[in-house]
Protein chains: 4
Amino acid sequence: MEQLRVLIDADDEKGLVYKISTIFYEHNLNILSNNEFVDKTNGKFFMRSVVEGDIDAKNLKKSLSNLLPTNSNIEVIKPTKKNIVIMATKEMHALGDILIQHEAGELDANILGVISNYDQLKSLVSKFNIPYIAISHVDLNRDEHEEKILEYLSTFKDIDYIVLAKYMRILTPRFVEVYKDKIINIHHSFLPAFIGANPYKQAYERGVKIIGATAHFVNNNLDEGPIISQEVIHVDHAYDWKDMQRSGRDVEKIVLSHALKLALEDRIFVYANKSVIF
Amino acid sequence: MEQLRVLIDADDEKGLVYKISTIFYEHNLNILSNNEFVDKTNGKFFMRSVVEGDIDAKNLKKSLSNLLPTNSNIEVIKPTKKNIVIMATKEMHALGDILIQHEAGELDANILGVISNYDQLKSLVSKFNIPYIAISHVDLNRDEHEEKILEYLSTFKDIDYIVLAKYMRILTPRFVEVYKDKIINIHHSFLPAFIGANPYKQAYERGVKIIGATAHFVNNNLDEGPIISQEVIHVDHAYDWKDMQRSGRDVEKIVLSHALKLALEDRIFVYANKSVIF
Amino acid sequence: MEQLRVLIDADDEKGLVYKISTIFYEHNLNILSNNEFVDKTNGKFFMRSVVEGDIDAKNLKKSLSNLLPTNSNIEVIKPTKKNIVIMATKEMHALGDILIQHEAGELDANILGVISNYDQLKSLVSKFNIPYIAISHVDLNRDEHEEKILEYLSTFKDIDYIVLAKYMRILTPRFVEVYKDKIINIHHSFLPAFIGANPYKQAYERGVKIIGATAHFVNNNLDEGPIISQEVIHVDHAYDWKDMQRSGRDVEKIVLSHALKLALEDRIFVYANKSVIF
Amino acid sequence: MEQLRVLIDADDEKGLVYKISTIFYEHNLNILSNNEFVDKTNGKFFMRSVVEGDIDAKNLKKSLSNLLPTNSNIEVIKPTKKNIVIMATKEMHALGDILIQHEAGELDANILGVISNYDQLKSLVSKFNIPYIAISHVDLNRDEHEEKILEYLSTFKDIDYIVLAKYMRILTPRFVEVYKDKIINIHHSFLPAFIGANPYKQAYERGVKIIGATAHFVNNNLDEGPIISQEVIHVDHAYDWKDMQRSGRDVEKIVLSHALKLALEDRIFVYANKSVIF
């Protein structure tokens, strides 16, 4: 008995659930969990099912494709460990949180490597026998630097997600295009507040009473990609921006880890610059 | 085009979604929203759908009954205002919150009346032209007091929910039995912590750093019925128990209103002394 | 034995606490609570003490003034009910929450009146025997409309705070100047995200996973005054903007009530477009 | 210029702040931060000040002792790294979180060693060059096992705190007595709910909608010591107890790290089985 994750998004129309559940029934599948959402504004249908049975993924996908409207997206996914690459700069907390989960066997992913534009994190990453690749940006323009990163990334056959665990450089549209909807970033504010550099300083200047963190897919506009997860904590007048930064680290790592978990479990649909999460 | 809420719980078996969606399809219904949950431990299936179409509720229920296992519970509900009675004692915040929502037209309910064992709330309730019935417990034993309340309640043809908005007396099993799964209480602690009298004092004595409130259905064991909704707030050493009580009021009213809203929208299944909420 | 609230802000220098506590000691006062904060960035000292003793407020203030640097701000406040005017438009929840607290005797304020640019809230406000003044903006330009409001406000000898309980019009600098640091507004977003009109629609478009509310003093820049209190709730893809609006109401009313409570208890210092709150 | 933390608790009486600030003034100290709390119920005064100046800790303590009531507790602490020992069993998340902070230089502590009753965590701890001592409980009674642990602990001259990072065995009164108010435990529920074994299973059975974690000092009654910090997360019907356990890990590690940080910064007073935290 095998489990499969079935993700379908389609233009909404009457009978979709009926058609899909008919296929499941005819293939003698047990539905372990089932989530649906209809975006009425955009006329879109989303469904994620976990099914169990004696079935081949390709066959199931074919059956679904035959019955569903032609412009539907159908994914039938075998739950296996996904391949991720982590990019970071100097800060240890978000990266460390993922490494510990990986070490504990709680992360459904293989970490192919960690890329940084500095050497600082090498000592930490090496402890865990994970490849550390320092690609300095010094003396390189943005394109040259990214070229080197892309070159390294291209040595891997399959990368499911690139996780920016406080990678403090902006990626160009070219880079983003190569890994569309595959790059997960943690931004250290509750977006869309405090886009850009040093959000904690911005938050301090504005005198906010809550600070937060946002995990999102990266698109071509800085900090404007589809949001996956957000969380906040309360602060008060006694916090200067460095206190906010210190306190914010816990939120950052938790939010990033949560978003990564959702991605690894194939729970995220991206549509209209938003996420549907089951 | 009419909307109906369909609530089904059944022993889990293969093909339930297929069967139900077939019925919906054959009746030419549009599924506006659909939630399912399978409790694997207990082998139970729960589903709530909102469907739209040119259909009679009785017909739809009959079709579903014919196809589903005989011990399934099937409810097909026309979304109309439900009838509620509120019981309170002396505190105004939880009751007031419901009255304001009612006045604003934001509560999908008719308030048939407010029962209290004191006179204090009469002035407030009367402003809103809602019947206020003071049934004092003085000089009565518990059974006699409840008898009077039950008598008053029996004058109403239909009561969907009885809302205990800080009603500070314990109901007997006899009373509870009459309105099984229809009595919603707000308890001023995050149950199961601080069951019983004066939970804020208990919380203060214990030195907790969070206090909370719990909305639950009332069963025969004090504060042990199925939980619907819970929320907490942070406190610190500077709070004495009266400060906790004051701060707790906001949580109490919000949690009770939230639970009531879920009930009025037919979003709650009760099973195994727990709630499944869609 | 009388209680007094002493609020002092001054340029920070060595010995301030010593000097102030000396005065308290010499006046034979008991310190019931004491909060201090030094803003190192700006070299500012803030202190709020509640003292008890046989003392006249004027005398105490004089003693403090004699000893403290000349540009210090010293307030010695007798805790009495403050006078507030509420301004609203059509929505009932934030206004209703304050009215219920007032009715319950839990609000340390006299509500002098409620001003609205519509008639809708009259029925609610009148139940509580509070003056309702509808001042329509129709056929008036902004200045003319505000002139009428200011005229009405000028009939009161003392207004401690003007509470904008979802008053949906922007106040001009002229109006704001008259009631500087006395106007408390509730904005229906976690500022500085979603400044301006219909923040819930903006939040929906952006696909955020948290929405919030911000209570702040009003200054001359829209939604940019000193923040007093903020709170958020989680939302997901299933919320359209009207769902966000509905769910947001609870946060709005709680945050506004909280900020008002802080103001009525003289717990807020405003400095450098921020608030220090004890 | 040196910084010192001054912690004073005393029976409350008029003039304490005056006396203390006089001492600070006479020693020509700058007050960087100052927190006070009077527990009116118990007539206790608590104060934590951070002062800066050209001063010796012993001298300052002597001056304070001379002026304050004899049964006052006065601590004058030089902010240096404290010495901690971590005890754990098999789970990696809480321990790992502390190790990463330590590695990042964000923990004001020397980790003298990690003690476990199993071997599982050795591989992780060894990566960080921290001594790992496996002291198996197999074939030993509780006293014998603890004797071995105490023996190991006694090899250290100074232990400021023992951190139980999911150490799953109950400590005897004898052990607790040796390290009174120095043992910080993380319990995986919002105490006092779900005392004892497998709180997640208990939480699941009860059908709660929030789960949490509590960091507390250990005393002689299981899970009943003074609470330092608590936090919760929301769950729903779809969580079985293992899901709760998985989701709870993040709360556990954050709450424990937070409590440890408070302890390392000398921000906690313990009194009447509660904590006062500045």
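Quick caveat, the model's predicted, so the values are computed rather than measured. Along each chain, residue indices are assigned from 1 in the same order as the chain's sequence is written. Labels are handed out in written order, letters beginning with A for the chains and numbers beginning with 1 for the ligands. With pLDDT at 70 or above as the cut-off, local features in this predicted model cover only qualifying residues; side-chain atom pairs require 80 or more to be listed or tallied, and sums for whole chains, interfaces and linings still use all residues.

## Overview of the overall build of chain A
Convention followed: The secondary structure listing takes helices from DSSP runs of H or I that are at least 4 residues long and strands from runs of E that are at least 2 residues long, numbered from the N terminus. Only C-alpha atoms enter the radius of gyration; for comparison, a globular chain is expected to reach 2.2 Å times N to the power 0.38, where N is the number of residues. Buried residues are those with 20 or more other C-beta atoms within 10 Å of their own C-beta, exposed residues have 12 or fewer, and partly exposed residues lie in between; C-beta atoms are placed from the backbone. Once C-beta atoms have been placed from the backbone, residue pairs whose C-beta atoms lie within 7 Å are recorded as contacts.
Within chain A, the regular secondary structure consists of eight helices and 13 strands. Rg of the C-alpha trace for chain A: 21 Å, near the compact-globule value of 19 Å for 278 residues, within the 12% margin. Oriented by its inertia axes, the alpha-carbon framework of chain A measures out at about 60 × 40 × 35 Å. Across the 278 residues in chain A, those meeting the buried criterion constitute 46%. Restricting the contact set of chain A to residue pairs at least 6 apart, pairs at least 24 apart contribute 66%.

## A word on the interface of chain A and chain D
Stated precisely, the cut-off is as follows: Lys, Arg, Asp and Glu make up the charged group, whereas Ala, Val, Leu, Ile, Met, Phe, Trp, Tyr, Cys and Pro make up the nonpolar group; the residues left over, Gly among them, are polar.
If you look at the interface, chain A gives ten residues, while chain D gives ten residues. Counting only elements with at least two residues in the side of chain A that touches chain D, the list comes to helix H3 (93-103), helix H4 (122-127) and helix H8 (241-264) of chain A. For the side of chain A that touches chain D, the leading source of residues is H3 of chain A, giving four residues. Considering only residue class, the side of chain A that touches chain D consists of five nonpolar, two polar and three charged.

## Looking at the relation of the copies chain A and chain C
Put simply, the rule reads: Superposition of the copies used a least-squares fit over C-alpha atoms from residues whose pLDDT is at least 70 in both.
Between chain A and chain C, the superposition needs a rotation of 180° and an axial shift of 0.0 Å, giving an RMSD of 0.0 Å. One copy is carried onto the other by what is essentially a two-fold rotation axis. Looking at the rotation axis and the C-alpha trace of chain A, the residue lying nearest is Ala-193 of chain A, at 2.3 Å.

## Here's the deal with the nonpolar core
One broad trend across soluble globular proteins is that nonpolar side chains are buried collectively. Using the following cut-off: For this analysis, nonpolar core means a set of buried Ala, Val, Leu, Ile, Met, Phe, Trp, Tyr and Cys residues linked through C-beta atoms within 7 Å.
Residues Ala-165 of chain A together with Ala-165 of chain C are the most contacted members of the largest nonpolar core, which totals 351 residues. What Ala-165 of chain C contacts, discounting residues up to four positions off in sequence, is Ile-86, Met-87, Ala-88, Ala-94, Leu-95, Ile-98, Ile-186 and Leu-256 of chain C.

## Overview of the relation of the copies chain A and chain D
Superposing chain A onto chain D requires a rotation of 180° together with a translation of 0.0 Å along the rotation axis, leaving an RMSD of 0.0 Å. A high fraction, 100%, of the interface residues of chain A reappear at the interface in chain D, so the copies pair face to face through one surface.

## A look at the interface of chain A and chain C
Tallying the contact residues gives 24 residues for chain A and 24 residues for chain C. Listing elements by their share of the side of chain A that touches chain C, those giving two or more residues are strand S11 (227-234) and strand S13 (274-277) of chain A. Looking at the side of chain A that touches chain C, its residues break down into twelve nonpolar, seven polar and five charged.

## Examining the pairing of strand S2 (residues 30-39) of chain A
Looking along a regular strand, one sees the side chains alternate between the two faces of the sheet. Residues and elements named next belong to chain A. Quick reminder of the rule: Note on pairing: two strands pair once DSSP finds at least 2 bridges between them.
Pairing of S2 with strand S3 (residues 44-53), which is carried by nine bridges, proceeds in the antiparallel orientation. Bridging across to S3, Phe-37 finds its partner in Phe-46. Counted along the chain from S2 to the antiparallel partner S3, the turn is four residues long, and its residue Gly-43 has a positive phi close to 60°.

## A few points about the domain arrangement of chain A
Residue and element names in this part refer to chain A. Spelled out, the test is: An automatic or database domain assignment provides the domain bounds reported here.
Its domain assignment divides chain A into domain 1 (2-77) and domain 2 (82-277). On a C-alpha basis, the centroid separation for the pair domain 1 and domain 2 is 31 Å. Contacts between domain 1 and domain 2 engage nine residues on the former and six residues on the latter. Going through the elements one at a time, strand S1 (2-11) and S3 are the ones with two or more residues in the side of domain 1 that touches domain 2. Here the residues of the side of domain 1 that touches domain 2 sort into four nonpolar, one polar and four charged.

## Digging into the environment of Phe-217 of chain D
Residue and element names in this part refer to chain D. Mapped onto the secondary structure, Phe-217 falls in strand S10 (residues 210-217). In this structure, the C-alpha to C-alpha distance between Phe-217 and Met-87, residues 130 residues apart in sequence, is 14 Å. If we skip the residues at most four places from it in the chain, Phe-217 touches Asp-181, Ile-183, Ile-184, Gly-225, Pro-226, Ile-228 and Val-270.

## A few points about the sheet that holds strand S6 (residues 109-116) of chain B
Note on sheets: strands pair through backbone hydrogen bonds, and any given pair is parallel or antiparallel. Residues and elements named next belong to chain B. Cut-off, in case you're wondering: Interaxial angles span 0 to 180 degrees and are taken between N-to-C directions of axes, which are lines fitted to C-alpha atoms, for helices over the stretch in contact.
Across the sheet, seven strands lie side by side as S7-S6-S5-S8-S9-S10-S11; this open sheet has mixed pairing. The strands lining the two open edges of the sheet, one partner per strand, are strand S7 (132-134) and strand S11 (227-234). Sheet twist, expressed as the mean angle between neighbouring strand axes with direction ignored, is 20°. Bridge count between strand S5 (residues 82-88) and S6: seven bridges; the pairing is parallel. Opposite Met-87, over in S6, you have Ile-115 as the bridge partner.

## A short note on helix H3 (residues 93-103) of chain D
For the α-helix, the turn length of 3.6 residues means that residues three or four positions removed from each other point alike. Residues and elements named next belong to chain D. Within H3, nine of the eleven residues are buried, leaving the element largely enclosed by the surrounding structure. All buried positions along H3 are accounted for by His-93, Ala-94, Leu-95, Gly-96, Asp-97, Ile-98, Leu-99, Ile-100 and Gln-101. A positive backbone phi angle near 75° is found at Gly-105, which sits one or two residues after H3.

## Observations regarding the sheet that holds strand S9 (residues 183-187) of chain A
Residue and element names in this part refer to chain A. Pairing in this open sheet of seven strands is mixed, and the strands run S7-S6-S5-S8-S9-S10-S11 from one edge to the other. Since the sheet does not close on itself, it has two edges, and those belong to strand S7 (132-134) and S11, each with one partner. Recorded for the sheet is a direction-independent mean angle of 20° between the axes of neighbouring strands. Seen against the sheet, H3 touches strand S5 (82-88), strand S6 (109-116), strand S8 (161-164) and S9 and runs at an angle of roughly 150° to S5.

## Topic: the packing of helix H7 (residues 199-206) of chain A against H8 of chain A
What describes two packed helices is the angle between their axes and the distance between those same axes. Residue and element names in this part refer to chain A. The criterion, for reference: If an angle is under 35 degrees, it is roughly parallel; if it is over 145, roughly antiparallel; if it lies from 65 to 115, roughly perpendicular; otherwise it is oblique. Whether a crossing is left-handed or right-handed is set by the direction in which the near helix is turned from the far one by less than a right angle, anticlockwise for left-handed and clockwise for right-handed.
Contact geometry of H7 with H8 gives a least axis separation of 8 Å together with a crossing angle of 125°. Classed by the angle they form, the pair H7 and H8 counts as oblique. The two elements H7 and H8 cross, and the hand of that crossing is right-handed. Contacts between H7 and H8 involve Tyr-200, Lys-201, Ala-203 and Tyr-204 from the first element and Trp-241, Met-244, Gln-245 and Gly-248 from the second. Considered class by class, the residues forming the contact of H7 with H8 number five nonpolar, two polar and one charged.

## Here's the deal with helix H1 (residues 16-26) of chain D
Along H1 of chain D, the residues classified as buried are Leu-16, Val-17, Tyr-18, Ile-20, Ser-21, Ile-23 and Phe-24 of chain D. Lining the buried residues of H1 of chain D we find helix H1 (16-26) and strand S2 (30-39) of chain C together with strand S1 (2-11), strand S2 (30-39), strand S3 (44-53) and helix H2 (57-67) of chain D. Count one or two residues on from H1 of chain D and you reach Asn-28 of chain D, which has phi positive near 60°.

## Observations concerning unusual backbone geometry
Cis rather than trans, the peptide bond between Leu-191 of chain A and Pro-192 of chain A has omega equal to 10°. In this fold, Pro-192 of chain A is placed in the loop between S9 and H7. Here Asp-139 of chain B, not a glycine, exhibits a phi torsion of approximately 65°, which is positive. Here Asp-139 of chain B is to be found in the loop between S7 and helix H5 (142-153). Its identity as a non-glycine residue notwithstanding, Asn-273 of chain B has a phi of 60°, on the positive side. With respect to the helices and strands, Asn-273 of chain B occurs in the loop between strand S12 (268-271) and strand S13 (274-277).

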